[in-house]
Structure formats: C-alpha cells, structure tokens
Amino acid sequence: HFFREKNIILKYNEDYIRCGFSWCGDETAPKPQCIICGDQLSNEAMAPSKLNRHLNSNHPSYAKKDKQYFQRRLEHNQKQKQFMKSAVTVSEKALEVSYHVAKLIARQKRPHTIGETLIKPACMEIVRLMLGPNEVTEVNKVSLSADTVKRRIHDMSSDILGTLIRKLILAEKIALQIDESTDIKNKAQLIAIVRFVDEDFIKEHYLFLTDDFFKIYNIQWSNCIAICTDGAAAMTGSKKGFVSCVKQKNPIIQITHCCIHREALMVKNLPEELLNTMNECIKIINIIKSRALNSRIFGILCAEMGAEYESLLFYTEVRWLSRGKVLARLFELRYKVREFLLDQNMPELYQRLDDDYWIAKLAYMADIFEHLNELNKKMQGRNENILTGSDKLQGLKKKLELWQEELQKGCLEMYQRTNHSTTENKQLIVDLAQQHLSMLQQKFDHYFYSINTEQYDWIRNPFATNAINSTEALSLQIRKEFIELSNDGTLKLHFTEVPLDVFWISVKKEYPRISDKAILTLLPFSTTYSCEQSFSTLALIKNDKRSCLKDLDQELRVALSNIEPNIKLLCSLKQAQVSH
C-alpha cells in the first residue's frame, strides 16, 4: 500500500525572530520573510533549521545578533513601509486633485496661472487657519503650475473627445449647427455643435473648432441629416460656402437658416418716421453716454430725482435684444433726460422729449420691441428644434394679426406704454403702428415662408383625436404603426410623464419605423444659439491678455462639453508625483 502524506501547514512562532525572520501573507498559511533582505520563503521553510541556514549563508554578519536587534529592525521596516504607502497614497490623491482643479479652471474660463497664484495659496491659507499648519504640507503637494494645468486640460480634452467619437460612431444619425466668427486676433474660428440620440435622450455636445474634423476621425457625412447656419455667405455661398462643400458629399442634407437670425432680420426695417425717431434716440443716448462727464452728471441727476436707474444703455445693432432694452430704458428716464438736455442748453433735442407725439412714438417702439424680444428669448436655449421654434413663430404671426384687428378698432391696450402716453395724437400713432405691423407681416412671410409644421402634429401628440389627419404624407406601413401606437393606453400614460424626445426614443423597439420618422424630425436644430454661446466662451478664454493662446479647441472642449472626463482612468495612466 502506498500512503499519500497529508500536507501540513506550519505556523509562525514568535521565537523565530531570533533567526531574523518575521512572517507575511495569509495568517492561515504564513510565509517566513527575512527581516534583513525581505526575501519570502515557502511555508515549508517555517522551521528553525531552515531559517538559520538562510541567515548564516546569506547574512553571516548578522548571525550573532540578539532578539532585541531583530525586533528593532522589524519595527523600523514596518514604519518605513507605512511611510512609503502613505506617500504613494498622498501623491495619487494630489494627482487626482490637480485634474479636478484644472477642470474647474477650464470651465470658469480662467488663465492657467490662477492655479498656482491664487487657488493653491488660498487653499493653503484656509487649511492653515481651519485645520492647522501640519495639514498645509499635504495641500502643498498638489501641483498646479501653469504647465501642469495645461497638460491636465489636454488630457481631459482627449478623453472627452474619445468618448464623443465612440458615441458618434454608434449614433445612426446626427445633426449640426455651425457658425463662424473672428477672435480678438481677427482669426476666423469655426464652431460646430452636434446633436444625436445618446442612450435614451437627444443630447447636444460641442464638436470641433476645425473644418477637417470629419476627415480626421473618419465620420461619414452621410450620417448627417441637417445643418443649421446663420445664413452668412461663408456658410451658404453657392460655390465656396461651407454648405455647398457639404452638399457635394451629402446631396440630400437638410439646410436650415437660424430662426433667431431670421427674426432679427425681420424686425430690422422700420417705417421712415419711426426710423428717424430711432436715430434721434441714439443721438441723445450717445451725447450722454459717450462723455464721462455727461454720464456722471446724468447719474447724479437721476439719483436726486429718485429714478430706478441711473444710466442709459448704448445701442449695439448686432446684439439681438439691444434695441428693445435701449428704448425701454430711455422711455423710463425720459423726464430725467429732458432735464439734462435743458441744463446742457440743447434746445433741439429737448424739444423732442417735450413733444407728446415724439414720446408716443418712443413708447410704441419700446412696447413692440419688448414683445419681439420676448419671442427672441423664448427661442434661445438648448433643446430647441423645428417644432418648438415653429410653434413660437406661429404664435407671433397670430399676435400680429390680432394686433392689426385691435388697431383697426383704435385700441392700444396691448401696448402698455403707448396706451398711457397717447392722448391728442392717438390716431396718428394707430396709423403708424398699422404701417409698421404690415411691414412686419410682410417680412415674416418673406423670412418664414416655410414655417408651416401642421404635418408634424402627430409627433407633438400622437394621442390627439385629429393626429391621424397629419400622417397622410407617410407611407402605409408607418401609418399602420402609428394607428397601433395611438391606441396603446399604456403608452398614452407614458407620453404624459416624459419629454417628447424621450417618448419617441422609448418606443423604437416596438414601433421602429414611426419612431425613426419622429426622431429625424426632432433631431435638426432650429437655431445656432449654442454656437453663439460658444463664441461668448471663446471671447472669455482668448481675451486681450491671452491673445496668443494656442490649443483653443482643447480649452473649449473641457469648458463646454457635457461629457465628464474619466479622471480616475487618466490618473491610472500617470505616475503620481507630488509638488516640491
């Protein structure tokens, strides 16, 4: 008979330290570890004879050391190990903190030097006063030099871009809004915002600042279903415009002119009489605002008269809301402006503000442009699409028709300032307002001739009783799916609980054809608002003190992107080092 010997697990004995050994590993199966050189032996070597053999053969000079020596050596090794572990942990945390602070700097559009000149000293001072001087040393280990912040931003930008590219490749269809502007160095800058279905939502992301982005990352133009631009020649030119170049690669792409820019063009023209009044308003404002002394005197005058405001506003033609705000402020301070012009011996302009008819024209312009500014502000913001934009524009069209009807009755109640200011010259103001509204209606029909979206009523509410009437242009298979969907009671309840885009994405598995048709309608942009917002961010980042800033694309991506960088992953790819 052959007997298999049973494996025996040897335990560590405290007396083994005389042989220069402690233990490591699992307590149930400990391994002897040499205190001198750190070598680990197998559990089978857990015997005095084998331990002594290692000590005598490898460390003969320590063979006659007593137990107390090895205990001191062991305690020293343990302290050193703990210190090294602590140092590594601190350096890893310092690395992660430097990424988070760099992200904050980028998103606040601040210069990189602020990390070392303000943020770090401020943190050290806070910690010193709140926690004590010992903790300041730990904060000082965080590296926030300008070069470090720059590298961190580049790392995060690359990570965000990688995530975005993977999402774009998975997305079936995308839509773009593109705009061009110049920075402080008069260099042309192209910005694009992309919109696509990301998981269960339609999301927008900052895409690029270069015109060869699609070529570099091998993204197909055939996946792009629509582009929204501001209508400038550089964008829509028939030969060299951006859109014409894109159409060579995707002839069926849908081109949209930004609704906000069209609305700004629509309200630009005025009847000659109102235009003259507008020019006189600008002249009065410039006299007061363009000279520092006049501004100070006017401010003191407003304060003494108890006015709510103490200054007028400069008129800037390129700013969408400027005209309405400037006229409203001038109307609010009309009495103060009149007193100022009288004190400054300007009788011609003073007589304008003393003329009731002139004041009534000012009141009307302040009122009508306030209404138009409300429309402009409603169309600003993210998640605007063709349906939401057309609904708001149709609302304006109906209001223009209603106002015309009321003016024919001689009613001015819809214009609050005008109604209170008009007495003797009411009919003149009514006739002038009718002329202006007729001009607005003509311009509306010119710029928004294709604004009718009744054919998409089935998207707005598929459970409405007349929704089926708007599906006549769809194919038979899609209409069949729509009928099934519109009679699903569970989905009807779900429709009231979630946003419109989320609803249509959620029914894709069950009703793929009708879902795709709805998503393709909701995907295109109706405005270039996000691009305009991005240019405001660009102006803050590349200002007069940072006019030579390079790698602007990376800065903008971290500042604007909705995608969070994977800082944990970035830290794992770096060797942690503390600041000296």
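Going by the structure above, here's the rest.
The structure presented is a predicted model; accordingly, all values stated were derived computationally and were not measured.

Of regular secondary structure, the protein chain possesses 26 helices and seven strands. Relative to its length of 580 residues, the protein chain is extended, with a C-alpha radius of gyration of 36 Å against a globular reference of 25 Å. When its C-alpha atoms are laid out on the principal axes, the protein chain stretches across 120 × 75 × 50 Å. With the model as given, the accessible surface of the protein chain reaches about 32,400 Å², and the carbon-plus-sulfur share is 50%.

In contact at an axis separation of 10 Å, helix 10 (residues 272–289) and helix 15 (residues 356–379) are set at 95° when each is read in the N-to-C sense. Regarding the angle of helix 10 to helix 15, the classification is roughly perpendicular. Contacts from Glu-273, Leu-274, Thr-277, Met-278, Glu-280, Cys-281 and Ile-284 of helix 10 reach helix 15 at Tyr-357, Trp-358, Lys-361, Leu-362, Tyr-364 and Met-365. Here the contact of helix 10 with helix 15 is built from residues that sort into nine nonpolar, one polar and three charged.

Let us now look at helix 1 (residues 48–58). Looking at helix 1, one finds that the buried residues are Leu-51, His-54 and Leu-55. Taken end-on, helix 1 shows its buried residues confined to a sector of 95°, consistent with a single buried face. Facing away from the buried side of helix 1 by over 90 degrees, the exposed positions are Arg-53 and Ser-57.

Right, let's get into the environment of Ser-42. Of note, Ser-42 is situated in the loop between strand 2 (31–34) and helix 1. In this structure, the C-alpha to C-alpha distance between Ser-42 and Gln-394, residues 352 residues apart in sequence, is 84 Å.

Our focus in this paragraph is the sheet that holds strand 5 (residues 201–208). Across the sheet, five strands lie side by side as 5-4-3-6-7; this open sheet has mixed pairing. With partners counted over all chains shown, the strands left at the sheet margins are strand 5 and strand 7 (254–257), one partner each. Pairwise comparison of adjacent strand axes, ignoring direction, gives a mean angle of 25° for this sheet. Bridge count between strand 3 (residues 174–182) and strand 6 (residues 224–229): four bridges; the pairing is parallel. Bridging from a neighbouring strand, Ala-175 pairs with Ala-226 of strand 6.

The final tally for this structure, using the stated rule, is 19 aromatic pairs. Seen in terms of ring centroids, Phe-208 and Phe-214 are 6.3 Å apart; in terms of plane orientation they differ by 85°. Their pairing is edge-to-face. The pair Phe-208 / Phe-214 is uniform in exposure class, with both members buried. Pairing Phe-213 with Phe-214 gives two aromatic rings, centres 6.4 Å apart and planes at 65°, and the pair type is edge-to-face. In terms of burial, Phe-213 and Phe-214 fall into one category: buried. We note Arg-152 situated over the ring of Tyr-99; from NZ or CZ to the ring centre the distance is 4.8 Å. Taking NZ or CZ as reference, Arg-329 lies 3.8 Å from the ring centre of Tyr-309, over its face.

Each value, and the rule that gives it
Residues numbered from 1 in each chain as written. Predicted model: local features only at pLDDT ≥ 70, side-chain atom pairs only at ≥ 80, totals over all residues. Heavy atoms only, no water. Helix = DSSP H or I, 4+ residues; strand = E, 2+ residues; numbered from the N terminus. Rg over C-alpha atoms; globule rule 2.2 N^0.38 Å. Areas by Shrake-Rupley, 256 points an atom, 1.4 Å probe, with all protein chains shown as cover. Axes fitted to C-alpha atoms, helices over the stretch in contact; angles between N-to-C directions. Parallel < 35°, antiparallel > 145°, perpendicular 65-115°, else oblique. Contact = heavy atoms within 4.5 Å. Nonpolar A, V, L, I, M, F, W, Y, C, P; charged D, E, K, R; others polar. Buried < 20%, exposed > 50% of the residue type's maximum accessible area, 1.4 Å probe, protein only. Arc of directions from axis to C-beta. Pairing = 2+ DSSP bridges. Phe/Tyr/Trp six-rings, centres within 6.5 Å; stacked < 30°, edge-to-face > 60°. Lys NZ or Arg CZ within 6 Å of the ring centre and 35° of its normal.

Keep in mind these numbers describe shape, not what the thing actually does.
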